[in-house]
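Letter by letter, the chains look like this.
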Amino acid sequence: MTRRQRRLTMIGCALAVLACAAGLVLYALRDSIVFFSTPSMAAEQHIAPGKRFRLGGLVQPGSLVCGGSQVSFEVADGGSKLPVTYKGILPDLFREGQGVVAEGALDASGTFRADTVLAKHDENYMPKDVADALKKQGHWKDDYDRKVAQNMKGASCAHGG
Amino acid sequence: MIAEAGHYALVLALGLALIQSFVPILGARWSDPALMNVARSTALAQFLFVAGSFAALVMLHVTSDFSVLNVYENSHSLKPLIYKITGVWGNHEGSMLLWVLILALFGGLVAALGNNLPLSLRAHVLAVQAWIAGAFYLFILTTSNPFLRIPNPPIEGRDLNPVLQDIGLAVHPPMLYLGYVGFSIAFSFAIAALIEGRIDAAWARWVRPWTLMAWIFLTLGIAMGSYWAYYELGWGGWWFWDPVENASLMPWLAGTALLHSALVMEKRNALKVWTILLSILTFSLSLLGTFLVRSGVLTSVHAFASDPTRGVFILLILCVFIGGSLSLFAGRASSLKQGGLFAPISREGALVLNNLFLTTACATVFIGTLYPLALEVLTGDKISVGAPFFNLTFAPLFVPVMIAVPFGPMLAWKRGDLLGAAQRLLAAGIAAMIAIAIAWAWARGGSALAPLAIGLAIFVVVGAIVDLIERIGLFRNPLAISLRRATGLPRSAWGTAFAHAGIGIALIGIVCETTWNSEYIGTMKPDEITKLAGYELKLDGLSQRQGPNYRELLAAFTVSLDGKKLSTMTPSKRSFTTRGTSTTEAALLTRGVSQLYISLGDTSADGGITVRIYHKPLVLLIWFGPVLMAFGGVLSLSDRRLRVGAPKPARAQGRLQAAE
């Protein structure tokens, strides 16, 4: 093989691999990404039951019901509210009145069935998605996160801890 | 006083960096050795001043001087001493100071150990290091000064985020930074080579050990971070494809590729332009990682800085360095002469294949990490790209790499014999088949992917062993000769075998943990028994305890297997009073390389407690693999070839050794 042929083989291989990778990426981007939504955005967009998305907002004070490992609460963003059920252990930073991001899908009755609830281990106690969404809707005050930090006594499921 | 001294030392370091940025380059232009040697002194002095500045910050944290804002926000007088020290880099300002400390350390090391480098190359390398250092000193001094005072000092601090008060996280950032910043050396050498328009095998001989060292630290740092997430975050996950994790994975992938291409360059003087490009890309990805983590631009578990001025400043640094270096590359790369020829089937060819797949895999991670960001900026849509995306793209690209791994070391340089290599790898292939059959039978059907992946992993591990056996001629020669050949084998050969076996072992752990882990989530009352994976776990009772700066709820479990008591496990939940937050301390019981994992949820009114119990088979292999890889790296680093360096005339030998 001449130098030129060798180089062409190499470039051909590289292009083939890149094409495969590009195909995989496009395929994966179509199927496995999850959109973020707040309760009012979810209400506007009429998200179909069963379609996965991330729901972000504040845990509505007084809405938390703990029953063993099955919990339910409401996520609110000032505009509207959405009931959420979750089976499992809530993260350490989960409190009423605080920001939360849950991933899952709506069921037929319009309840959001979460399979993961994320509490961001963020020193500002507020997931960025939630903060941005709240800011956009004008429910954000500049000292909000600090106030939340001070009011960490909001109810959680804990009794002894 | 200490704070002001620390601040002042940092300003002086900036001044030194500015001098080091242009004086040595002018010296190289005018061929003036005195000017070029300025770089050596300034690099060493810079390190001293930054070290002094860092020591000042440590001192402030240890003595709990709450008149300093950084100490007030991240420390507490009751915090144990070890976390007072590690808390220094548990926050944005302190961790940036650690970043520049390590950068200055590497600069100082090049200055101290680089006596056998051509004078102008050393001058250029140190000047480029000073550009990076200068930019980051400016960043710290203007946007994230850790030495700011509070006019009315409070009596008590706000304490460090409790999840960060952990020994794993104390060691994780320095390791990671040693890796990130270590790649700056390869970057500086690449830029220096482009400025000089000259590059040779000696260049690669210098770059490779530094890259290898950075790679070892990065490997260990990533593994440690992953283990920390596993036991501290309380849900037993060890990799989340979180942007911050990806930020460290990308330089690792590019760095691994660089390690291999530098090998080709050193041995065969080929792939020069590509190696230069990879050096630039690897450090650019490290900078990108710093940007992602430090600017808080992505929603993430770790992103705890969210000041926009900082983000913009780092973005500016990022653009100037990446844009500048790539433009320089575009302008000058064609002037570098092409080196040795090789056939597609050869060790060089295998290493090119490795590079191709590693960089492509790195690119998919890059897209998955930055696509949500780009989309949000362009359309305002918020999406999250999670594990499914990476499993679909990253995994298929990594499979060919794994298949190629055992072949690489078996092929000869220049022109290899694929059939011969395949014959020698027959044993590994057979072992892989047996492993697939056993895994298939043991799992009784189920997913076909898991046994295949285990077979692949076994192929890699056995392939590494076969390579060693071939090299020392075990079974072909008498044992004594084989042993002698084993001791005579270059350490880099051992290093390669260990590192390659390490990936295989990590893969076994990953596959077993994800496929066959079992979990129980539910509420348990005292004296209740839960059965999981053959183990019986009895909740003995709950108790309270007071720690130094937290209150703790402990649950005691008795674990027994087949009616025999094995051990007790005591997971706990800690509430940190100052911040009003709590952390979950999981209890781990190690059986061989498998683990039982218990973490606590909340107590209920009727005296029960929610628990999460996992049985994770072979989970420890996930971290043994990287440790083995790093060990292989250390072996390779201690290879005689790298210690001795380029052949020198007999007279110069004495001085060279003294310099080490």
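Just so you know, these numbers come straight off a predicted model, no measurement behind them.

1. Description of the overall build of chain A
Here is step 1: Looking only at helices and strands, chain A has four helices and seven strands in total.
Here is step 2: Counted over contacts in chain A with a minimum sequence separation of 6, partners at least 24 positions apart contribute 55%.

2. Concerning the overall build of chain B
Here is step 1: Of regular secondary structure, chain B possesses 22 helices and eleven strands.
Here is step 2: Relative to the 2.2 N^0.38 estimate, which gives 26 Å for 660 residues, the radius of gyration of chain B is 27 Å and therefore close to what a compact globule would have.
Here is step 3: Residues counted as buried form 53% of the 660 residues belonging to chain B.
Here is step 4: At a minimum sequence separation of 6, the contacts of chain B that also span at least 24 residues come to 74%.

3. Description of the sheet that holds strand E2 (residues 518–524) of chain B
All names here are of chain B.
Here is step 1: Taken together, four strands build an open sheet; the order of strands is E2-E11-E10-E9 and the sheet is antiparallel. Because the sheet does not close on itself, it has two edges, and the strands there are E2 and strand E9 (587–591). When strand polarity is set aside, the average angle formed by the axes of neighbouring strands in this sheet is 15°.
Here is step 2: Pairing analysis gives five bridges linking E9 to strand E10 (residues 594–603), with the strands arranged antiparallel. Counted as the bridge partner of Ala 587 is Ile 598 from E10.

4. Comments concerning the packing of helix H1 (residues 2–29) of chain B against helix H2 (residues 33–62) of chain B
All names here are of chain B.
Here is step 1: Where H1 contacts H2, the axes come no closer than 8 Å and their chain directions differ by 165°. As far as their axial angle goes, H2 and H1 are roughly antiparallel. Our pair here, H1 against H2, has a crossing hand that is left-handed.
Here is step 2: Within the contact of H1 with H2, the residues separate by chemical class into 26 nonpolar, seven polar and no charged.

5. A few points about the packing of helix H19 (residues 491–516) of chain B against helix H20 (residues 621–637) of chain B
Packed helix pairs are characterised by how far apart their axes lie and by the angle those axes make with each other.
Residue and element names in this part refer to chain B.
Here is step 1: It is at 7 Å that the axes of H19 and H20 come closest, and there the two elements cross at 170°. It follows from the interaxial angle that H19 and H20 lie roughly antiparallel.
Here is step 2: A per-class count over the contact of H19 with H20 returns 17 nonpolar, nine polar and two charged.

6. Describing helix H7 (residues 167–196) of chain B
Residue and element names in this part refer to chain B.
Here is step 1: Compared with an ideal rise of 1.5 Å per residue, which puts 30 residues at 44 Å, H7 spans 45 Å between its outermost C-alpha atoms and is within 8% of the ideal.
Here is step 2: Judged by how many residues are buried, H7 sits mostly within the fold: 24 of 30 residues are covered.
Here is step 3: A positive backbone phi angle near 70° is found at Gly 197, which sits one or two residues after H7.

7. A word on unusual backbone geometry
Residue and element names in this part refer to chain B.
Here is step 1: One non-glycine residue with positive phi stands out, namely Ser 31, at about 50°.
Here is step 2: Among the secondary structure elements, Ser 31 is positioned in the loop between H1 and H2.
Here is step 3: One non-glycine residue, Asp 527, lies in positive phi territory at about 70°.
Here is step 4: Along the chain, Asp 527 falls in the loop between E2 and strand E3 (529–532).

8. Section: the pairing of strand E6 (residues 99–106) of chain A
Residue and element names in this part refer to chain A.
Here is step 1: Counting buried residues in E6 gives six out of eight residues, a clear majority hidden from the surface.
Here is step 2: As judged from the seven bridges shared by strand E2 (residues 52–59) and E6, these two strands associate in the antiparallel manner. Opposite Arg 52, over in E6, you have Ala 105 as the bridge partner.
Here is step 3: In terms of strand pairing, E6 meets strand E7 (residues 112–118) through six bridges, oriented antiparallel. By the bridge assignment, Gly 104 is partnered in E7 with Ala 114.

9. Quick look at the environment of Leu103(B)
Residues and elements named next belong to chain B.
Here is step 1: Note that Leu 103 resides in helix H5 (residues 92–113).
Here is step 2: Here the alpha-carbon distance between Leu 103 and Phe 47, two residues 56 residues apart in the chain, equals 8.5 Å.
Here is step 3: In this structure, Leu 103 is in contact with Ile 132, Ala 133, Phe 136, Val 181 and Ser 184, ignoring residues within four places of it in sequence.

10. A closer look at the environment of Val75(A)
Here is step 1: Along the chain, the position of Val75(A) falls in strand E4 (residues 70–76).
Here is step 2: Residues within four places of Val75(A) in sequence aside, it is in contact with Pro39(A), Leu55(A), Gly57(A), Leu58(A), Val59(A), Gln60(A), Lys81(A), Leu82(A), Val84(A), Val100(A) and Ala102(A).

11. Things to note about the confidence of the model for chain A
Residues and elements named next belong to chain A.
Here is step 1: Of all residues in chain A, 71% attain a pLDDT of 70 or more, and the chain-wide mean is 75.
Here is step 2: Confidence scores differ between elements of chain A, with helix H4 (residues 144–150) showing the lowest mean pLDDT of 45 and strand E5 (residues 81–87) the highest of 89.
Here is step 3: Low pLDDT, under 50, characterises residues 121–125; the predicted model gives this stretch 14 contacts beyond four residues in sequence or across chains.

12. With respect to the pairing of E5(A)
Where a strand is regular, its side chains alternate between the two sheet faces.
Residue and element names in this part refer to chain A.
Here is step 1: A one-sided burial pattern is seen for E5, the buried positions being Leu 82, Val 84 and Tyr 86 and the unburied ones Lys 81, Pro 83, Thr 85 and Lys 87.
Here is step 2: Direction of pairing for E4 relative to E5: antiparallel, over a ladder of seven bridges. Looking at E5, one finds that Val 75 is bridged to Leu 82.
Here is step 3: Here E4 folds back onto E5 in antiparallel fashion, the turn holding four residues, of which Gly 78 has a positive phi close to 90°.
Here is step 4: Note: E5 against E7, three bridges, orientation parallel. Directly across from Thr 85, in E7, lies its bridge partner Arg 113.

13. A few points about helix H1 (residues 3–31) of chain A
Here is step 1: With 29 residues, H1(A) ought to run about 42 Å at 1.5 Å a step, and its terminal C-alpha atoms sit 42 Å apart, in line with that.
Here is step 2: Where H1(A) is concerned, the buried positions are Ala21(A), Val25(A) and Ala28(A).
Here is step 3: Of the surrounding secondary structure, the elements contacted by the buried residues of H1(A) are helix H12 (347–379) and helix H13 (387–404) of chain B.

14. Considerations on the nonpolar core
Here is step 1: Among the nonpolar cores identified, the biggest contains 195 residues, and Val100(B) and Phe136(B) are the most heavily contacted of them.
Here is step 2: Top contributing element to this core by residue count: helix H8 (residues 201–232) of chain B, with 19 residues.
Here is step 3: Listed in part, the 28 residues of the second largest apolar core include Val34(A), Phe36(A), Ala76(A) and Val117(A).

15. As for the environment of Glu196(B)
Here is step 1: Along the polypeptide, Glu196(B) turns up in helix H7.
Here is step 2: Residue contacts for Glu196(B): discarding those within four places in its chain leaves Ser120(B), Leu121(B) and His124(B).

16. Quick word on the confidence of the model for chain B
All names here are of chain B.
Here is step 1: Considering every residue of chain B, the mean pLDDT works out to 88; 95% of them sit at 70 or more.
Here is step 2: Below a pLDDT of 50 lies the segment residues 300–306, which in the model reaches 23 contacts outside its immediate sequence neighbourhood of four places, other chains included.
Here is step 3: Every residue in residues 646–660 is under pLDDT 50, and counting partners more than four places away or in other chains gives seven contacts.
Here is step 4: Reported confidence for the predicted complex is 0.75 by ipTM and 0.88 by pTM.

Conventions we followed
- Residues numbered from 1 in each chain as written.
- Chains lettered and ligands numbered in written order.
- Predicted model: local features only at pLDDT ≥ 70, side-chain atom pairs only at ≥ 80, totals over all residues.
- Helix = DSSP H or I, 4+ residues; strand = E, 2+ residues; numbered from the N terminus.
- Contact = placed C-beta atoms within 7 Å.
- Rg over C-alpha atoms; globule rule 2.2 N^0.38 Å.
- Buried ≥ 20, exposed ≤ 12 C-beta atoms within 10 Å, placed from the backbone.
- Pairing = 2+ DSSP bridges.
- Axes fitted to C-alpha atoms, helices over the stretch in contact; angles between N-to-C directions.
- Parallel < 35°, antiparallel > 145°, perpendicular 65-115°, else oblique.
- Left-handed = near helix turned anticlockwise from the far one by under 90°.
- Nonpolar A, V, L, I, M, F, W, Y, C, P; charged D, E, K, R; others polar.
- Expected span 1.5 Å × (residues − 1).
- pLDDT = per-residue confidence, 0-100.
- Core = buried A, V, L, I, M, F, W, Y, C linked by C-beta atoms within 7 Å.

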